[in-house]
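# Descriptive analysis of the structure
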Amino acid sequence: MHLLTSFISGLIFAIGLSVSGMVNPQKVIGFLNIFGDWDPSLAFVMGGAVLFNFVFFRMILKRESTLLKTDFSMPVRKAVDKNLVFGSILFGIGWGMFGICPGPGLVNLFRFDPKILVFVLAMMVGMVLFRKTQKQ
């Protein structure tokens, strides 16, 4: 059941990314280009996501368990450290250069665009390197 719900959640997320235009790198770059030909439409997508989470996250956290009766997996670290800052900078640079972030990158794999394939491969290599370099 857990695998099915994960698949359905991912599918809904992928459809939402596609419908909203978040999988189109040019649209994302247009949104990030605030000093040029700015496209504000993705602000409504992000605003809707923030509003939805603001309302429903509070209700969800009042529950003792998830709908599938599993524990909530909430982050425990709250400190802003150099790894968080450096990772955020890398994420922002990658998002600005390619107009794509991890979720839309995975959705776009089905287009077989060489740029997307390179992006996802680099992302996976970065994830492996991060795990290998972290203190155990």
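The structure we're discussing is the one just above.
Attention now moves to the overall build of the chain. Of regular secondary structure, the chain possesses six helices and zero strands. Its helices and strands taken in sequence order, the chain reads α-α-α-α-α-α from the N to the C terminus. Over its C-alpha atoms, taken along the principal directions, the chain stretches across nearly 45 × 40 × 30 Å. Across the 136 residues that make up the chain, the buried fraction comes to 18%. Positive and negative side-chain charges of the chain, numbering 13 and 6 respectively, have mean locations separated by a distance of 7 Å.

The next point concerns the nonpolar core. Leu17, Met22, Val23, Val28, Phe31, Leu42, Trp95 and Cys101 form the largest nonpolar core, which has eight residues in total. Counting five residues, the second-largest nonpolar core is a separate cluster that includes Ile100, Phe119, Val120 and Met123.

Another point: the side chain of Asn108. Take Asn108: it is sitting in the loop between α5 (102-107) and α6 (114-133). We classify Asn108 as buried; its relative accessible area is 3%. Discounting chain neighbours no more than four positions away, the residues touching Asn108 are Val23, Pro25, Ile100 and Ile116.

Here we come to the environment of Leu11. Structurally, Leu11 can be placed in helix α1 (residues 2-20). Between the C-alpha atom of Leu11 and that of Val107, which follows or precedes it by 96 residues, the distance is 9.4 Å.

Our next topic: the environment of Met127. As for its placement among the helices and strands, Met127 is situated in helix α6. With 26 residues separating them in the primary sequence, Met127 and Cys101 have C-alpha atoms 14 Å apart.

The subject of this paragraph is the packing of helix α2 (residues 25-32) against helix α4 (residues 82-98). Where α2 contacts α4, the axes come no closer than 8 Å and their chain directions differ by 115 degrees. Put simply, α2 runs roughly perpendicular to α4. Residues Pro25, Val28, Ile29 and Leu32 of α2 form the contact with α4, whose participating residues are Trp95, Gly96, Met97 and Phe98. Each residue belonging to the contact of α2 with α4 can be placed in one class, and the counts come to seven nonpolar, one polar and no charged.

Turning to the packing of α2 against helix α3 (residues 41-61), a few remarks are in order. At a closest axis distance of 8 Å, the pairing of α2 and α3 adopts a crossing angle of 90 degrees. In terms of orientation, α2 lies roughly perpendicular with respect to α3. On α3, the residues touching Lys27, Val28 and Phe31 of α2 are Ser41, Leu42, Ala43 and Met46. Grouping the constituent residues of the contact of α2 with α3 by class yields five nonpolar, one polar and one charged.

Side chains of Met1, Leu4, Phe7, Ile8, Leu11, Ile12, Ile15, Val19 and Leu68 sit close together on the surface and give an oily, nonpolar patch of about 950 Å² of accessible area. Turning to its location among the elements, Val19 is positioned in helix α1. The exposed category is assigned to Val19, whose relative accessible area is 71%.

Before going further, it helps to examine the layout of surface pockets. Over the atoms a probe the size of a water molecule is rolled, and this reveals where empty space is left. Put simply, the largest pocket is a space of about 1,100 Å³. Elements that contribute at least two residues to the lining of the largest pocket include exactly α1 and α3. With ten residues, α3 is the single largest residue contributor to the lining of the largest pocket. The computed volume of the second largest pocket comes to approximately 760 Å³. Taken together, 22 residues make up the lining of the second largest pocket; nearest its centre are Gly87, Leu90, Phe91, Gly126 and Met127. Every element with two or more residues in the lining of the second largest pocket is listed here: α4 and α6. For the lining of the second largest pocket, the element with the most residues is α4, which contributes eleven residues. A per-class count over the lining of the second largest pocket returns 15 nonpolar, seven polar and no charged.

What counts and what doesn't
- Residues numbered from 1 in each chain as written.
- Predicted model: local features only at pLDDT ≥ 70, side-chain atom pairs only at ≥ 80, totals over all residues.
- Heavy atoms only, no water.
- Helix = DSSP H or I, 4+ residues; strand = E, 2+ residues; numbered from the N terminus.
- Buried < 20%, exposed > 50% of the residue type's maximum accessible area, 1.4 Å probe, protein only.
- Lys, Arg positive; Asp, Glu negative; His and termini not counted.
- Charge placed at Lys NZ, Arg CZ, Asp CG, Glu CD.
- Core = buried A, V, L, I, M, F, W, Y, C linked by side-chain atoms within 4.5 Å.
- Contact = heavy atoms within 4.5 Å.
- Axes fitted to C-alpha atoms, helices over the stretch in contact; angles between N-to-C directions.
- Parallel < 35°, antiparallel > 145°, perpendicular 65-115°, else oblique.
- Nonpolar A, V, L, I, M, F, W, Y, C, P; charged D, E, K, R; others polar.
- Patch = residues over 30% accessible without salt bridge, like charges linked within 9 Å, V, L, I, M, F, W, Y side chains within 5 Å.
- Areas by Shrake-Rupley, 256 points an atom, 1.4 Å probe, with all protein chains shown as cover.
- Salt bridge = Lys/Arg side-chain N within 4 Å of Asp/Glu carboxyl O.
- 1 Å grid on protein atoms, 1.4 Å probe; cavity = no way out; pocket = protein on both sides within 12 Å on 5 of 7 lines; lining within 4 Å.
- Points joined across faces, edges and corners; volume = space filled by probe spheres on them.

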